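What follows is each chain in one-letter form.
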Amino acid sequence: MPKGRRKKERLPGTPPRPIVLLAALALATGTGAAVWFLPAGATQEAPAPTVLAMPSAVTPSASASPVASEKTIGPSGYVAFVDTARYPGADLPAAARRDGVRWYTLGHLVAGGDGCAAKWNGSLDLGANPVANRIGGLRAEGADAGPVFGGPSGRELADACVELDRLTTAYRRVVSAFGSRFAEFDIRDSSGDSAVLRRARALRTLQAERPLSVSFTLPLGPAGLAPRDVALLRATREAGARVSVVNLLTSIEPRQAPEGRMRRVAAAVRLAQGQIARAHALTDPAAAWRQIAVTCVLVSPDDLGATDARKLSAFAGRHGLAWLSARGAEPAPVVAQILRATRT
């Protein structure tokens, strides 16, 4: 994917951004999971700068599990995103007990060093992330977490690491270290077709080695996905990698916007559904609904009320979306509770 293809995001709390381009709505420090997904309380806990060693309990977790199909190993319902650089004190096991959330995504892993080493936020070594090091305890609570490669800043590994073997090794090191059954790729700034193919070939190798569900996070606009992102999905499939879910990153217009703001989001998702069905060469286009997740980006907690949340949750359940998620401003507690109760 070419450089500059997406506009830079702004931090939560900045003035409202236009819905016309979703890329401009994503956050500069946090990137999203699925549309209509709500941040869990764990994402807002006070930072604890202590750097811990990776516990041995994290390493073998996936290998100890029975082999499962992609449908059973990927997230569902509600997925909480945690920006581990901003909230190093996030206690995943405690959050899972408190909020009942069973799926988390942890960002952001981008290229560090010579470009072929995955580092948290581009600087923190793989085993030195105190949030990720609590995955073992999270799994003991019956929940799970997966890493997010790429994001609003830094370079995704496929863009920076031009040697396929080293790229594959870098991805493998992460999923092996944390026993990951799923991984998200927040693709914002790739160098073009060569990066797309490198990523696809590396993922094809990993998926031949282990059960690994993969989601791609892409911006949603009024017309659905951008043509370049549809082409990315098609090229990835043709290269032999399986993208189980396309996570549509969208904004929710302010409540003072003209009437029909939620209908406009739903219409854009419907357009993307047809694009995804074609890109994945599905014989039954309706099957694409299960391959869609939606992550909304909120500028203000007031952007999403309880009625809006019920509409989003009902839409996800009616169409059988993979999951919902949210980023940006934290919604009101009642809104968070509604979204976390989503069943897909």
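Residues numbered from 1 in each chain as written. Predicted model: local features only at pLDDT ≥ 70, side-chain atom pairs only at ≥ 80, totals over all residues. Heavy atoms only, no water.

1. Details of the packing of aromatic side chains
Then step 1. All told, the structure shown has seven aromatic pairs when counted by the stated rule.
Then step 2. Each ring, one from Phe149 and one from Tyr171, has its centre 5.1 Å from the other, and the planes form 75 degrees; the classification is edge-to-face. Of this pair, Phe149 sits in strand S5 (residues 144–150) while Tyr171 sits in helix H5 (residues 164–177), placing them 22 residues apart in sequence.
Then step 3. Judged by relative accessible area, Phe149 falls into the buried class, the value being 1%.
Then step 4. Residue Tyr171 is classed as buried on the basis of its relative accessible area of 1%.
Then step 5. Geometrically, the ring pair formed by Tyr171 and Phe185 is edge-to-face, given 5.3 Å between the ring centres and 90 degrees between the ring planes. Here the residue Tyr171 occupies a position in helix H5, and Phe185 occupies one in strand S6 (residues 182–186), the gap between them amounting to 14 residues. Take Tyr171 and Phe185: they sit in the same class, and that class is buried.
Then step 6. For Arg327, the ring lying beneath its charged end belongs to Phe81, and the centroid distance is 3.7 Å. (Phe/Tyr/Trp six-rings, centres within 6.5 Å; stacked < 30°, edge-to-face > 60°. Helix = DSSP H or I, 4+ residues; strand = E, 2+ residues; numbered from the N terminus. Buried < 20%, exposed > 50% of the residue type's maximum accessible area, 1.4 Å probe, protein only. Lys NZ or Arg CZ within 6 Å of the ring centre and 35° of its normal.)

2. Overview of the environment of Ala266
Then step 1. Tracing the chain through its elements places Ala266 in helix H8 (residues 261–279).
Then step 2. You can call Ala266 buried: its relative accessible area is 9%.
Then step 3. Sequence separation between Ala266 and Pro222 is 44 residues, and the spatial gap between their C-alpha atoms is 9.6 Å.

3. A few points about the state of the cysteines
Then step 1. Inspection of every chain in the model, using the stated rule, returns one disulfide.
Then step 2. Residue Cys116 pairs covalently with Cys161 via a disulfide, S to S 2.0 Å. Measuring handedness by torsion sign, the sulfur bridge of Cys116 and Cys161 sits at about 95 degrees and is right-handed. Of the two residues, Cys116 is situated in the loop between strand S3 (103–112) and strand S4 (117–120) and Cys161 in the loop between helix H4 (157–160) and H5; the sequence distance between them amounts to 45 residues.
Then step 3. A relative accessible area of 12% means that Cys116 is categorised as buried. (Disulfide = S-S within 2.5 Å.)

4. Some points on the packing of helix H6 (residues 193–209) against helix H7 (residues 227–238)
Then step 1. Running from amino to carboxyl end, H6 crosses H7 at an angle of 40 degrees, the nearest separation of the two axes being 9 Å. The orientation of H6 with respect to H7, classified from their angle, is oblique. As H6 runs across H7, the sense of the crossing is right-handed. Facing Val196, Leu197, Arg199 and Ala200 of H6, the residues of H7 in contact are Leu232, Ala235 and Thr236.
Then step 2. Considering only residue class, the contact of H6 with H7 consists of five nonpolar, one polar and one charged. (Axes fitted to C-alpha atoms, helices over the stretch in contact; angles between N-to-C directions. Parallel < 35°, antiparallel > 145°, perpendicular 65-115°, else oblique. Left-handed = near helix turned anticlockwise from the far one by under 90°. Contact = heavy atoms within 4.5 Å. Nonpolar A, V, L, I, M, F, W, Y, C, P; charged D, E, K, R; others polar.)

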